[in-house]
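Each chain is listed here by its residues.
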Amino acid sequence: MWEEENNKLILASASPRRKAILELMGLKFAIIKPKGLQENSKGNPYQAVEANSEAKAVWAAEHIKSGTGLFCGFDTIVYFNNKVWGKPSSRREAFELLTQMSGRR
């Protein structure tokens, strides 16, 4: 059973979007930003997202010293044309990717 006074929701993410979503849901939570994790972007995209999400939650659990909590790790990838696309490093790269994806599923 979850007892809020003894436990807390811990978001293992640096994403401002994930923070905003939890706030919109009215949840109380703490944030810890995983550092030094090597994200997996190879192979099956579903497995990569699951592995990355789990690694973030585990990292957070290992670095929180006090109490217990529900650790939430999330990951998002773009999988297009049988390739996992990393985060664009510039506006130009983002524009090129969006142009290639435009009108496709």
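Shown above is the structure to which this text applies.
Residues numbered from 1 in each chain as written. Predicted model: local features only at pLDDT ≥ 70, side-chain atom pairs only at ≥ 80, totals over all residues. Heavy atoms only, no water.

> Even after reading the chapter, I still don't get the environment of Ser-102, so can you show me in this structure?
Position of Ser-102 relative to the elements: it lies in the segment after helix H3 (91-101). Sequence separation between Ser-102 and Ala-14 is 88 residues; the distance between their C-alpha atoms is 28 Å. (Helix = DSSP H or I, 4+ residues; strand = E, 2+ residues; numbered from the N terminus.)

> Help me understand the packing of aromatic side chains in this model?
Each aromatic ring pair is described using two quantities: the centre-to-centre distance and the angle formed by the ring planes. Applying the stated criterion to the full structure yields one aromatic pair. Ring centres of Phe-80 and Trp-85 lie 6.4 Å apart, and the angle between their planes is 45 degrees; on these two criteria the pair is classed as tilted. In this structure, Lys-83 is placed above the aromatic ring of Trp-85, and the distance from its NZ or CZ to the ring centre is 4.2 Å. (Phe/Tyr/Trp six-rings, centres within 6.5 Å; stacked < 30°, edge-to-face > 60°. Lys NZ or Arg CZ within 6 Å of the ring centre and 35° of its normal.)

> How should the nonpolar core be read in this particular structure?
Within the largest apolar cluster, five residues are counted, these being Ile-10, Ala-12, Ile-32, Trp-59 and Ala-60. For this core, the secondary-structure elements that each account for two or more residues are strand S1 (7-12) and helix H2 (45-63). Trp-59 has contacts with Ile-32, Lys-33, Pro-34, Lys-35 and Leu-37, leaving out every residue within four places of it along the chain. (Core = buried A, V, L, I, M, F, W, Y, C linked by side-chain atoms within 4.5 Å. Buried < 20%, exposed > 50% of the residue type's maximum accessible area, 1.4 Å probe, protein only. Contact = heavy atoms within 4.5 Å.)

> I keep staring at the pattern of salt bridges and nothing clicks. Help me out?
Should the charged atoms of two oppositely charged side chains come close, the side chains can pair. Using the criterion set out here, one finds four salt bridges in the structure. Note that Glu-23 is salt-bridged to Lys-19, the shortest N-O span being 3.0 Å. Here Glu-23 pairs with Lys-19, and both are found in helix H1 (residues 16-24), just four residues apart, close to one helical turn. Overall, the relative accessible area of 34% leaves Lys-19 in the partly exposed class. For Arg-92, the salt bridge identified is with Glu-96, shortest N-O distance 2.9 Å. Linking Arg-92 with Glu-96, this pair stays in helix H3, spanning four residues, or about one helical turn. When its relative accessible area of 63% is taken as the criterion, Arg-92 is described as exposed. Take Glu-96: its relative accessible area is 36%, and that puts it in the partly exposed class. Here the residues in one salt-bridge network are Glu-39, Lys-56 and Asp-75, joined through shared partners. (Salt bridge = Lys/Arg side-chain N within 4 Å of Asp/Glu carboxyl O.)

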